[in-house]
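Reading the structure
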Amino acid sequence: MAKASKRQRPGSPIDADPRQLAEMIEKISRIGADPVAGISRVGYTLPEREAHELVGGWLRDLGLAVETDAVGNTIATRPGKSVETAAIAFGSHLDSVTHGGRFDGIVGVVAMVEAFRLMTANHIDTRHPLRGVIFACEEGARFGESSIGSKAIVGALNEGDLSRIHDADGHTLAEAMLDIGFEPSRLREARWNRADIAAFIEIHIEQGSTLEAQSRSVGLVDVVSGSTRFRMTILGSAGHTGGTPMQNRADALAAAAEVTLAVESIANQPSHRGVRATVGSLDVYPNRITIIPGRVDMSIDVRDLDPDRLRRASTEIVNRATAVCQRRGVTLNAELIADVSPVVLPMWLREVVSQVCNKLGAGYCVMPSGAGHDAQIMARIVPAAIIFVPCRGGASHVPEEWASATDIASGVDVLYHAVLKLDQILSHPPDRHLQGVSCEVGPLPGGNTPADDGPR
Ligand code: GLV
Ligand code: MN
Ligand code: MN
């Protein structure tokens, strides 16, 4: 890493360095750079491992103890200086979707490295231990199921899940782990004891355009969307495109097309306002111009901030797909492959971060997250917060994904000071967490207001 440039006046603490952050992002982006487009650093592949090793090396250079757990999460520890034993943790992921961008997850990882660097540069000894985490396989792009590393940490995966969950080639999660040197049978060793952890914070790009539209540099997430996912197989009859009359066909692709439009129309119904439903993949067999498609495999991802609406829309999608396929004389197999509920993040922790924003003069808004995050999984065992930084045009999961190093540095400053503040206030028993934390209502300095658009 380059030596940090100093943006601050003599005597004031050292702030996050945009140049350093940009340099780390650039180096990580070379791993898994896809010759076709963007970055393909998919979970449980060698490029993901290489990225973990690269960043693990940077963390070791900062003097931290770094280890890889049983499922491939990288964990760095900086000891605390008092009797406090519960760690304050922060981090994100390094895997990407296929042909993805260079910021999703990566921002939270380089923010973690930079926050540790600032601790040392500013000669800070925290009372609590600090724990930096790089989660394995956050993206659901390969296995349909997301956040594998964090689910292992909170105990939300069992060995049966590792053999059940598989990618489009039928490769199970357990096999994928074995292929790169992990032992799925050691899954339980990855689990954290909730008594050892006091709070978790993740910085992430927004993956939407609310911050840009409102000219805010920081978003503080109140609710994270849930996601219900299906894999559907439609079986018709393959046949000759010239020889088979239209009335004698069982065209799997025509049925899949009708199901796709039904998914869109269900999500657009006023009664489901807020639902986002997407057919993200269609595999057509045999996929030849002169053969009527005999089979289509498709995946459907339904997201919502409201758990009831999420499940109602999902049920309606399956019912409608069943009716379409019955009418068309094709067979439908629908498999539920993932179902994660929306998560409300604790207000007291968001208030701690918002007070830091006010102190630093960082204009923020409170907003929901349309995307899923490891923090939403970590919230099952520990108070968790998500800090969003803007990304250009809201583009994400695409090669064009972009966030400015200056915005990321502002986010790191908020993270760093939030960790220091937590280090102070968490030195009390849990029922006294709220001491010194006031709940602000109404307009905040800098005109902060809740976001009124986005996925709500
Ligand atoms: C994570 O990137 C998600 O798909 O929500
Ligand atoms: Mn992400
Ligand atoms: Mn993602």
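Look up: the structure comes first, before these words.
As a starting point, this report considers the structure included with it.

**A few points about the pairing of strand β1 (residues 65-68)**
Looking along a regular strand, one sees the side chains alternate between the two faces of the sheet. With four bridges joining them, β1 and strand β2 (residues 74-78) adopt antiparallel strand pairing. Paired with alanine 65 across the two strands is threonine 77, which belongs to β2. Between the antiparallel neighbours β1 and β2 lie five residues, among them glycine 72 with a positive phi of about 100°.

**Focus: the coordination of the manganese ion (ligand 3)**
Bound to the manganese ion (ligand 3) on the protein side are Asp104 (OD), Glu139 (OE), Glu139 (OE) and His397 (NE2), at distances that span 2.0 to 2.5 Å. Sequence spacing among the residues donating to the manganese ion (ligand 3) works out to D-x34-E-x257-H. Here the manganese ion (ligand 3) and the manganese ion (ligand 2) are spaced 3.6 Å apart, with aspartate 104 acting as a shared donor. Here glutamate 139, found in the loop between β4 (130-135) and α4 (148-154), pairs with histidine 397, found in the loop between β15 (384-389) and α12 (405-425); they are 258 residues apart in sequence, far enough to count as distant. On the accessibility criterion, glutamate 139 (7% relative accessible area) is buried.

**Looking at the packing of aromatic side chains**
The geometry of an aromatic ring pair comes down to the distance between the two centres and the angle between the two planes. A complete count under the given rule lists three aromatic pairs for this structure. Judged by centre distance (5.6 Å) and plane angle (75°), the ring pair of phenylalanine 135 and phenylalanine 200 falls under edge-to-face. In this pair, phenylalanine 135 sits in strand β4 while phenylalanine 200 sits in strand β5 (residues 197-205), placing the two residues 65 residues apart along the sequence. Of the two residues, phenylalanine 135 and phenylalanine 200, neither departs from the other in class, the shared state being buried. The lysine or arginine in question, arginine 131, covers the ring of tryptophan 192, its NZ or CZ lying 4.3 Å from the ring centre.

**Structural notes on unusual backbone geometry**
The peptide bond linking tyrosine 285 to proline 286 adopts the cis configuration, its omega dihedral lying at 0°. The residue proline 286 is located in the loop between β9 (276-285) and β10 (291-292) in this model. Even without being a glycine, histidine 397 presents a positive backbone phi close to 65°. Residue classification places histidine 397 among the partly exposed residues on the basis of a relative accessible area of 36%.

Reading guide: rules and limits
- Residues numbered from 1 in each chain as written.
- Chains lettered and ligands numbered in written order.
- Predicted model: local features only at pLDDT ≥ 70, side-chain atom pairs only at ≥ 80, totals over all residues.
- Heavy atoms only, no water.
- Pairing = 2+ DSSP bridges.
- Helix = DSSP H or I, 4+ residues; strand = E, 2+ residues; numbered from the N terminus.
- Donors = N, O, S within 2.8 Å, 3.2 Å for Na, K, Ca; no water.
- Buried < 20%, exposed > 50% of the residue type's maximum accessible area, 1.4 Å probe, protein only.
- Phe/Tyr/Trp six-rings, centres within 6.5 Å; stacked < 30°, edge-to-face > 60°.
- Lys NZ or Arg CZ within 6 Å of the ring centre and 35° of its normal.

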